[in-house]
Amino acid sequence: TRKIIIDTDPGQDDAVAILLALASPELEVLGITAVAGNVPLALTQKNARMICELAGRPDMKVFAGAARPLMRPLVTAEYVHGKTGLDGPDLPDPTMPLQAQGAVDFIIDTLRAEPEGSVTLCALGPLTNVALALIQAPDIAPRIREIVLMGGGCFEGGNTTPAAEFNIYVDPHAAKTVFASGVPITVFPLDVTHRALTSRDRVEAFRSLGTPVGTATAELLDFFERFDEAKYGTDGGPLHDPNVIAWLLQPELYTHRHVNVEIETGSELTMGMTVVDWWGVTDRAPNATYVRDLDDAGFFALLTERLATL
Ligand code: BDR
Ligand code: CA
């Protein structure tokens, strides 16, 4: 099994990513760390616990991390995710506890305690917690197996500004720290997640599972796609974050290239832009595996098959 920590700001698509991870015996989820992003931290840590309980895993450890980005004020996305961040299903308030330890300390302690190169960080929100851990404890960098993150965009442009994707835009300084860390990084940008569309039949496949998880997933996606479908004029909205987990399970679903990615933090106009040297036109050293396309039917088949087991 592969050991992972999920850093997240649920978020309907984060919720589906967490469900996929908890449904997958190949993965050992050491803990879930919440960060402010789609909604404020008080809601993201609560939402993470709600999803663990939905998955039948009240034993999972959930930690709260940074309440705001490193340098900029928090920007949230209630216009996409609803007031709670998990609008759609009517899920009960969680009864499992929030861990007393902070998320950043948990990440650092875990990376120091586990064998070197054994823990993968899956980052599904702004990179504030991950950057803080790297800043506070640089010794953990060579111990991280890989950081797999959803963020950025190149060919698709941005979804929050014309130049920037939400997760990178919210904390560009954290993203810059992560991309400069020397840790192996795999990036799932809008270029690929915009091809993972929650069409009607795919949402109905979740509902047809006839389980609480299947029903809740369909209701999450019913709400989530309403915004993006209208915006992009597609059949369904993009299901971003579960791609990070699917990569760990079936990397053959994806095509990618090892390239240099830099983060813009100097310009207000293009703040948080991922500058991707796709064509190798600079001599900057590659620092990330940049994912470009997916087998979307295979991705949704994997999701449906795994969520059926919860
Ligand atoms: C990213 O931003 C959030 O709204 C989603 O959860 C995803 O992580 C997409 O830009
Ligand atoms: Ca997210």
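See above for the structure.
Residues numbered from 1 in each chain as written. Chains lettered and ligands numbered in written order. Predicted model: local features only at pLDDT ≥ 70, side-chain atom pairs only at ≥ 80, totals over all residues. Heavy atoms only, no water.

## Re the pairing of strand 5 (residues 144–150)
- Buried residues dominate strand 5, accounting for six of its seven residues.
- Note that strand 4 (residues 119–123) and strand 5 share five bridges and pair parallel. Among the inter-strand pairings, Val-119 is bridged to a residue of strand 5, identified as Ile-144.
- In the sheet, strand 5 pairs with strand 6 (residues 185–188) via four bridges, with the strands oriented parallel. Following the sheet pairing, Val-148 is matched in strand 6 by Thr-186. (Buried < 20%, exposed > 50% of the residue type's maximum accessible area, 1.4 Å probe, protein only. Helix = DSSP H or I, 4+ residues; strand = E, 2+ residues; numbered from the N terminus. Pairing = 2+ DSSP bridges.)

## Side note on the coordination of the calcium ion (ligand 2)
- The protein atoms that coordinate the calcium ion (ligand 2) are Asp-9 (OD), Asp-14 (OD), Asp-14 (OD), Leu-124 (O) and Asp-241 (OD), at distances spanning 2.2 to 2.5 Å.
- Spacing between the donor residues of the calcium ion (ligand 2) along the chain follows D-x4-D-x109-L-x116-D. Of the two residues, Asp-14 is situated in helix 1 (residues 12–22) and Asp-241 in the loop between helix 10 (212–232) and helix 11 (242–249); the sequence distance between them amounts to 227 residues. Asp-241 matches Asp-14 in its accessibility class, with the two residues each being buried. (Donors = N, O, S within 2.8 Å, 3.2 Å for Na, K, Ca; no water.)

## A word on the packing of helix 1 against helix 2 (residues 41–54)
- Between helix 1 and helix 2, whose axes approach to 10 Å, the crossing angle comes to 40°. Classified by the angle their axes make, helix 1 and helix 2 are oblique. Here helix 1 runs over helix 2; the crossing is right-handed. Contacts from Ala-15, Ile-18, Leu-19 and Leu-22 of helix 1 reach helix 2 at Ile-51, Cys-52 and Leu-54. (Axes fitted to C-alpha atoms, helices over the stretch in contact; angles between N-to-C directions. Parallel < 35°, antiparallel > 145°, perpendicular 65-115°, else oblique. Left-handed = near helix turned anticlockwise from the far one by under 90°. Contact = heavy atoms within 4.5 Å.)

## Observations concerning the pairing of strand 1 (residues 2–8)
- Counting buried residues along strand 1, six of its seven residues qualify, which places the element largely inside the surrounding structure.
- Sheet topology note: the strand 1/strand 2 (residues 27–34) ladder contains seven bridges and is parallel. Considered in strand 2, the bridge of Thr-8 is made with Ala-34.
- For the handedness criterion, the β-α-β arrangement of strand 1, helix 1 and strand 2 is classed as right-handed.
- Both strand 1 and strand 4 contribute to a ladder of five bridges, which runs parallel. Residue Ile-4 lies in a different strand from strand 4, and its bridge partner there is Thr-120. (Right-handed = clockwise from strand over helix to strand, strands pointing away.)

## Section: the packing of helix 5 (residues 128–136) against helix 7 (residues 172–179)
- As a packed pair, helix 5 and helix 7 sit with axes 8 Å apart at the nearest point and diverge in direction by 55°. The angle between the axes of helix 5 and helix 7 places the two elements in the oblique class. Note that helix 5 runs across helix 7; the crossing there is left-handed. Judged by residue contacts, Thr-128, Val-130, Ala-131, Leu-134 and Ile-135 of helix 5 engage Ala-174, Thr-177 and Val-178 from helix 7.
- Its residues assigned to classes, the contact of helix 5 with helix 7 shows six nonpolar, two polar and no charged. (Nonpolar A, V, L, I, M, F, W, Y, C, P; charged D, E, K, R; others polar.)

## Here's the deal with the site of ligand 1
- In the neighbourhood of ligand 1, the contacting residues comprise Asp-13, Asp-14, Asn-38, His-81, Leu-124, Met-150, Asn-159, Glu-165, Phe-166, Asn-167, His-240 and Asp-241.
- Take Asp-13: an N or O atom from its side chain is 2.6 Å from an oxygen atom of ligand 1.
- Asn-167 has a polar side-chain atom sitting 3.0 Å from an oxygen atom of ligand 1.
- Taken by itself ligand 1 offers 280 Å² of open surface, and the protein chains cover 97% of this.
- Taken together, the residues of the shell around ligand 1 sort by class into three nonpolar, five polar and four charged. (Near = heavy atom within 4 Å. Polar contact = N/O pair within 3.5 Å; in protein donor to acceptor, adjacent residues only side chain to side chain. Areas by Shrake-Rupley, 256 points an atom, 1.4 Å probe, with all protein chains shown as cover.)

## Quick notes on the sheet that holds strand 2
- Sheet architecture is open: eight strands sit in the order 3-2-1-4-5-6-10-7, paired in mixed fashion. Pairing within the sheet leaves two strands with one partner each, and these edge strands are strand 3 (62–64) and strand 7 (254–259). Here the strands of the sheet are splayed against their neighbours by 25° on average, with no regard to which way each runs.
- Across the sheet, helix 2 lies against strand 1, strand 2 and strand 3, angled at about 180° from strand 3, the strand it touches most.
- Contacts between helix 4 (residues 103–113) and the sheet are confined to strand 1, strand 2, strand 3, strand 4 and strand 5, with strand 2 contributing the most and set at about 150° to the helix.

## Comments concerning a nonpolar patch on the surface
- A cluster of nonpolar side chains, contributed by Phe-155, Trp-279 and Val-281, occupies part of the molecular surface with about 390 Å² of accessible area.
- Among the secondary structure elements, Trp-279 is positioned in the loop between strand 9 (274–276) and strand 10 (288–294). (Patch = residues over 30% accessible without salt bridge, like charges linked within 9 Å, V, L, I, M, F, W, Y side chains within 5 Å. Salt bridge = Lys/Arg side-chain N within 4 Å of Asp/Glu carboxyl O.)

## Some remarks on the nonpolar core
- The biggest cluster of nonpolar side chains holds 55 residues, and the ones touching the most others in it are Ile-4, Ile-6, Ile-32, Ile-245, Tyr-254, Phe-299 and Leu-303.
- When neighbours within four sequence positions are excluded, Ile-4 is seen to be in contact with Ala-21, Leu-27, Glu-28, Val-29, Leu-30, Gly-31, Thr-120, Cys-122, Ile-245 and Leu-248.
- Grouped together as the second largest cluster of nonpolar side chains are 38 residues, Phe-63, Ala-131, Leu-149 and Val-259 included. (Core = buried A, V, L, I, M, F, W, Y, C linked by side-chain atoms within 4.5 Å.)

## A closer look at helix 5
- Among all positions of helix 5, only Thr-128, Asn-129, Val-130, Ala-131, Ala-133 and Leu-134 are buried.
- Where helix 5 is buried, its residues touch strand 1, strand 2, helix 4, strand 4, strand 5 and helix 7.

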